[in-house]
Amino acid sequence: MSDFKNNMFDQIQKKSNINSDEIIKVANSVQNADFSNETTVRNLVRQLAKMANKPISKEKEDKLVESITKNNVPTDINALSQLFKK
């Protein structure tokens, strides 16, 4: 793995306490996922929250699912982090 990827995974692991193998496993599982499907997206959001050991309120889950299924996800990392803070 390149130094960039290793550094990126190290940063993610430090901030979320999720190891790189888990991240890769989830990424591979959603490569062909239908992100317009509410059930698919809801399951992914729950899975990620569980992996990060971060509880997610029903309201926040609903907002995330709605944003993703309507393809209204920010591409800017700062805007994306704000979506998760809401």
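For clarity, every value in this text was computed on a predicted model and none was experimentally measured. (Residues numbered from 1 in each chain as written. Predicted model: local features only at pLDDT ≥ 70, side-chain atom pairs only at ≥ 80, totals over all residues. Heavy atoms only, no water.)

Caption draft 1: Up close: the packing of helix H2 (residues 20-29) against helix H3 (residues 38-51). Interhelical geometry of H2 versus H3 gives an angle of 175 degrees and a closest axis separation of 12 Å. On the basis of their axis angle, the class for H2 and H3 is roughly antiparallel. Every residue of H3 that contacts H2 at Glu22, Ile23 and Val26 is listed here: Leu44, Gln47, Leu48 and Met51. (Axes fitted to C-alpha atoms, helices over the stretch in contact; angles between N-to-C directions. Helix = DSSP H or I, 4+ residues; strand = E, 2+ residues; numbered from the N terminus. Parallel < 35°, antiparallel > 145°, perpendicular 65-115°, else oblique. Contact = heavy atoms within 4.5 Å.)

Caption draft 2: Molecular detail of the environment of Asn19. Inspection of the secondary structure assignment puts Asn19 in the loop between helix H1 (3-16) and H2. Exposure remark for Asn19: the relative accessible area of 30% places this residue in the partly exposed category. Counting along the chain gives 32 residues from Asn19 to Met51, while the straight-line C-alpha distance between them is 9.4 Å. (Buried < 20%, exposed > 50% of the residue type's maximum accessible area, 1.4 Å probe, protein only.)

Caption draft 3: Molecular detail of the packing of H3 against helix H4 (residues 58-69). At a closest axis distance of 9 Å, the pairing of H3 and H4 adopts a crossing angle of 130 degrees. Compared by their axis directions, H3 and H4 come out oblique. In the crossing of H3 with H4, the sense of the turn from one axis to the other is right-handed. Touching Glu38, Val41, Arg42, Val45 and Arg46 of H3 are Lys58, Glu61, Asp62, Leu64, Val65, Ile68 and Thr69, all from H4. (Left-handed = near helix turned anticlockwise from the far one by under 90°.)

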